[in-house]
Amino acid sequence: MAALTLYPESERLPRGERITFNLYMISALLLFVLMMVLGVIMRMGQSLWLDVPPDLFYQVLSMHGAGMVGTMSLATTAVMWFFLRKYVRLHLWAFLANYLLFLCGALCIIGAVFVGRYAGLWTFLYPLPTHAMGMWGNGAAACFMVGYLFIGVGSLLFYLDAAAAIIGRYGNLGRAMGLQWLFGGTIDPDHPKAVVASTMVVIANSLGILAGAVVLVMYLVAIAYPEFTMNALYAKNLTYWFGHMYINATIYMGVMAVYELLARYSGRPYAISRPFLWSWAASCVFVIVVFPHHLLMDYAQPRWVAVTGQVVSYLAGFPVFLVTVWGALTNIHRSGMRWSTPSRLLILSMFGWAAGILPAILDGTIGINRVMHNTQWVPGHFHFYLLLGVLPMVLALLYHVIGSRRAAPPDSGADRLGVPVYLIGGMTFALAFLDAGHMSVARRMSSHLAEWIPNDRVGAIGASLVLLAMVYFAVRIIHGLLRAPGAESTAHAAG
Amino acid sequence: MIFQDLVWTIAASGIALVALVFLYIVANAGRAIDPAALSTSQRRIAGLRRGLFWVLVLVFVGASYASLHRFPIPPQHAPLDAAQVVDVQARQWSWQLSQPGQPPGAALQLTAGAPVEFRVRSDDVNHGFAIYAPNGRIAIQTQAMPGFTNKILHTFTQVGTYRVMCLEYCGLGHAPMVSSFDVAAPAGG
């Protein structure tokens, strides 16, 4: 059965594709390491182990946030491209254009932060970027916004190409998501999960990016014409509609690695099903309408909007637990699983996602948000599912790809050590945030009260362990990606 | 039990439960099940999933009702009729807290046991108005957003000094943007 071939021919990367894929992933790995260094610097500063002045701290925080979100999107876009290209005809120029526009955007953001001293955070909450009290200028804010627009245009180009290819192959987006099988009919067992997930991402994230573009362009107008002002609540809604979907799309793009690869390591088919199609259809709606849970403390919002944010936050847990995580666990349960670095990372990613959304769902409760909002509870849950969920999905694919060069999954002693170091570091780091959140430690502060510092130090140690493991993974994978693909054509059956 | 401790206990228990399930599955993943027993096992797993679905539905309905039947945010467009009122004005990077009829800068006169209405506004950018109880935990918060008034209705149960901190990043002076006020015991209390 083709689905259980460890390194199928259809995944072979011809020269142009291989170079572009390598550009994406090597850039992403280097950026992940650099952004983690910035994260460690902040935790060290809060721990009083490093002198980080407030202006530098907030610049670093802005760079870390924008950089991590952007890099996560870059890497998971490559995951989506890697699998989707097997089923529909994608154009390499669109994939490459996205990369080049990302680079232009990244340069603008880096320049805005480290040259222009922009420190309005990745969420650019109106009107702070144009109200810096002398900390940075409007030019730096505009440069930051233009950087986002470059990255957004690149993503939209890639999604438009994907949408055209999907529609060309399946007729329309609904059929690609399998909506025709929601209420009956025989599901095509070969309908690819990656196509279902990609279609959902194209729909949701295109809307989110357009919302972001609207607010960014309005910002640029406000910078050019200071007499123009926006409604702050309206701008915040648009910002979080964009921000929520953009970062959540990385999970939905990354999880394609689990859908595509897990069965090859377990040796057990991972069939598409009606619950799977329902979960993706529902998730598409949920991710579009759930963003008001970021504005639960804006009491001026209509009550029904806040209730929507809470209720949909709860509902969003259903597809994760009942379909994706359940499906992955039952796929490997007593399967005779062949454990290697890629399969370990795949299961780690499922754990990180499942465990990390629990505190996130709790925080989506209005009554709980009243005492947890903007405490370290928030970075606690999103680092949990991004660091221990999404990033391992990307690393799993990369380990799988470098394994394909040798026709065997990589599993050296250092690899076997790297995964638990990453897990222990990540857990320590994320749990320190969550523990601090329940102690009401504020997030996004350059200096902390004396009683908060012991917790910061635990977090700093955890972050350092993650960084250590990530440096190893980056070196190992970059070396593997740059190897001559001599054995690439070798394909063999798993199990 | 402090509310935040309860939330942390629920979250930690959930994370631990997920971890245990993963450990169990991972520990057994290396052993292949007899192919003849596979279909029986899959039927049992499908049954378990149906059970989990209904458990989640029950939790969803129960938690939604428990957390929403008394809506936690007071009406924003109707008078709250609280006997104690505080006007909060946020600006980069200070708080101005005042009571109607009191001279600007006068210390707040607040007592425990009776509701206090806080009318929170901002002069410039978004701020987060968070009241920290004497035990160091957040008692209540809302956003201070330019162009809007967010109203809190809160009854203090603890006498002592409360700290106000900004919980929405607002620029260089965000961390030191603090204030405080005292809450006294009710007269005759």
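Structure first, text after, so check above.
The structure contained in this document is the topic of the report that follows. (Residues numbered from 1 in each chain as written. Chains lettered and ligands numbered in written order. Predicted model: local features only at pLDDT ≥ 70, side-chain atom pairs only at ≥ 80, totals over all residues. Heavy atoms only, no water.)

For the rest of this paragraph, the subject is the overall build of chain B. Helix and strand counts for chain B stand at two helices and nine strands. Taken from N to C terminus, the helices and strands of chain B fall in the order α-α-β-β-β-β-β-β-β-β-β. Taking 189 residues into account, the globule formula puts the C-alpha radius of gyration at 16 Å, and chain B, at 25 Å, lies well above it. Each of the three principal axes of chain B carries a C-alpha extent, and together these read 85 × 40 × 30 Å. Looking at chain B as a whole, 44% of its 189 residues qualify as buried. Expressed as a percentage of contacts within chain B between residues at least 6 apart in sequence, the contacts between residues at least 24 apart total 65%. With the model as given, the accessible surface of chain B reaches about 9400 Å², and the carbon-plus-sulfur share is 62%. Computed over 12 positive and 9 negative side-chain charges, the separation of the two mean positions in chain B equals 16 Å. (Helix = DSSP H or I, 4+ residues; strand = E, 2+ residues; numbered from the N terminus. Rg over C-alpha atoms; globule rule 2.2 N^0.38 Å. Buried < 20%, exposed > 50% of the residue type's maximum accessible area, 1.4 Å probe, protein only. Contact = heavy atoms within 4.5 Å. Areas by Shrake-Rupley, 256 points an atom, 1.4 Å probe, with all protein chains shown as cover. Lys, Arg positive; Asp, Glu negative; His and termini not counted. Charge placed at Lys NZ, Arg CZ, Asp CG, Glu CD.)

Pairing between side chains becomes possible if they bear opposite charge and their charged atoms approach one another. All names here are of chain A. Within this structure, the stated rule accounts for 17 salt bridges over all chains. When the shortest N-O distance is used, the salt bridge between Arg117 and Asp55 registers 3.1 Å. Here the residue Arg117 occupies a position in the loop between helix H3 (92–114) and helix H4 (138–170), and Asp55 occupies one in helix H2 (residues 54–84), the gap between them amounting to 62 residues. On the basis of relative accessible area, Asp55 is assigned to the partly exposed category, the value being 23%. Salt bridges sharing common partners tie together Glu11, Lys86, Glu260 and Arg264. (Salt bridge = Lys/Arg side-chain N within 4 Å of Asp/Glu carboxyl O.)

Take the packing of helix H6 (residues 193–224) of chain A against helix H7 (residues 232–254) of chain A next. Residue and element names in this part refer to chain A. At their nearest, the axes of H6 and H7 sit 8 Å apart, and the two run at 150° to each other. In terms of orientation, H6 lies roughly antiparallel with respect to H7. For H6 against H7, the interelement crossing comes out left-handed. Considering only residue class, the contact of H6 with H7 consists of 20 nonpolar, four polar and no charged. (Axes fitted to C-alpha atoms, helices over the stretch in contact; angles between N-to-C directions. Parallel < 35°, antiparallel > 145°, perpendicular 65-115°, else oblique. Left-handed = near helix turned anticlockwise from the far one by under 90°. Nonpolar A, V, L, I, M, F, W, Y, C, P; charged D, E, K, R; others polar.)

Our focus in this paragraph is unusual backbone geometry. Going from Tyr126 of chain A to Pro127 of chain A, the amide bond is cis rather than trans, its omega being 0°. Position of Pro127 of chain A among the secondary structure elements: in the loop between H3 and H4. That bond from Gln92 of chain B to Trp93 of chain B is cis: its omega, 0°, falls within 30 degrees of zero. Even without being glycine, Arg117 of chain A reaches a positive phi, approximately 65°. Even without being glycine, Ser440 of chain A reaches a positive phi, approximately 70°.

Another point: the layout of surface pockets. Summary: where empty space remains is shown by rolling a probe the size of a single water molecule over the atoms. Roughly 1300 Å³ of internal volume is contained in the largest pocket. What lines the largest pocket is a set of 43 residues, and nearest its centre among them are Phe321 and Leu358 of chain A together with Leu17, Leu52 and Leu56 of chain B. Secondary structure elements with two or more residues in the lining of the largest pocket: helix H11 (317–332), helix H12 (341–363) and helix H13 (366–372) of chain A together with helix H1 (3–29) and helix H2 (35–68) of chain B. Sorting elements by how many residues they give to the lining of the largest pocket places H1 of chain B first, with 12 residues. Looking at the lining of the largest pocket residue by residue, the class counts come to 32 nonpolar, eight polar and three charged. (1 Å grid on protein atoms, 1.4 Å probe; cavity = no way out; pocket = protein on both sides within 12 Å on 5 of 7 lines; lining within 4 Å. Points joined across faces, edges and corners; volume = space filled by probe spheres on them.)

Everything listed here is a matter of coordinates, which is why it stays silent on function.
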